[in-house]
Amino acid sequence: MPNCFQLLRDGVAIPLAAVDEEMCRHFEAPCHPTRYYESWYDTIGYGLAQGRSFDEIRSTYADIPRLVEVATWIETHFTVRAWHERKGYERT
């Protein structure tokens, strides 16, 4: 039963790989072929999928300034859609 999330711009879901490419350009970092910038998907994305707010996520990673910057950048450029999928049930 996964927790899921999407990042939306103007109501349209943006592929997470495209978000990562845009993020890398913004932070002037090379894109890695197999890993997201600063592991944002596994940290910030995980928090978003759990329904946590950006303030909660920033508080969790307060000791990692780059993740705080990334969370703020995501919040500034996207809206979040998060949901929980249950086996055998339609997504709502």
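Residues numbered from 1 in each chain as written. Predicted model: local features only at pLDDT ≥ 70, side-chain atom pairs only at ≥ 80, totals over all residues. Heavy atoms only, no water.

So, the overall build of the protein
Heads up, the condition is: Each helix is a run of H or I in the DSSP string that is no shorter than four residues. Each strand is a run of E no shorter than two, and both are numbered from the N terminus. The atom set for the radius of gyration is the C-alpha atoms, and the globule formula is 2.2 Å times the number of residues raised to the power 0.38. The rule is simple: take the accessible area with a 1.4 Å probe, protein chains only, and divide by the maximum for that residue type; under 20% is buried, over 50% is exposed, in between is partly exposed. In what follows, a contact means two residues having at least one pair of non-hydrogen atoms within 4.5 Å. Note that accessible areas follow from Shrake-Rupley with a 1.4 Å probe, and for residues the cover is restricted to the protein chains shown.
A tally of helices and strands in the protein yields four helices and three strands. Going from N to C terminus, the protein has its helices and strands arranged as β-β-α-α-α-α-β. Scaling as 2.2 N^0.38, a compact globule of 92 residues should have a C-alpha radius of gyration of about 12 Å, and the protein matches this with 13 Å. The C-alpha extent of the protein, read off along each of the three principal axes, is 40 × 25 × 25 Å. Classification of the 92 residues of the protein by burial places 34% in the buried group. Pairs at least 24 residues apart make up 61% of the contacts formed inside the protein by residues separated by at least 6 positions. Surface summary for the protein: the accessible area is close to 6100 Å², and the carbon and sulfur share equals 49%.

Section: the state of the cysteines
Applied cut-off: The term disulfide is used for any two cysteine sulfur atoms that are within 2.5 Å.
Counting across every chain of the model gives zero disulfides. Here Cys 31 stays free of any disulfide, with the sulfur of Cys 24 as its closest cysteine sulfur at 3.3 Å.

Overview of the side chain of Arg 58
Turning to its location among the elements, Arg 58 is positioned in helix α3 (residues 54-60). Since its relative accessible area comes to 16%, Arg 58 is described here as buried. Once residues within four sequence positions are removed from consideration, Arg 58 is found in contact with Val 68, Ala 71, Thr 72 and Glu 75.

Concerning the environment of Val 19
As for its placement among the helices and strands, Val 19 is situated in helix α1 (residues 16-26). For Val 19, a relative accessible area of 0% gives the class buried. Each C-alpha atom of the pair Val 19 and Gly 51 lies 19 Å from the other, and the pair is 32 residues apart in sequence. Setting aside residues no more than four positions away along its own chain, Val 19 makes contact with Leu 7, Ile 14, Trp 40, Trp 73 and Phe 78.

Focus on the sheet that holds strand β1 (residues 3-9)
So the rule is basically this: In this scheme, strands are said to pair when DSSP sees at least two bridges between them. Interaxial angle, 0 to 180 degrees, is taken between N-to-C directions of lines fitted to C-alpha atoms, where a helix line uses only the stretch in contact.
Taken in spatial order, the three strands make up an open sheet running β2-β1-β3, and their pairing is antiparallel. Each edge of the open sheet carries a strand with a single partner, namely β2 (12-14) and β3 (79-84). Geometrically, the sheet is characterised by an average inter-axis angle of 45 degrees between neighbouring strands, direction not taken into account. In the sheet, β1 pairs with β2 via three bridges, with the strands oriented antiparallel. Along β2, the bridge assignment pairs Leu 8 with Ala 13.

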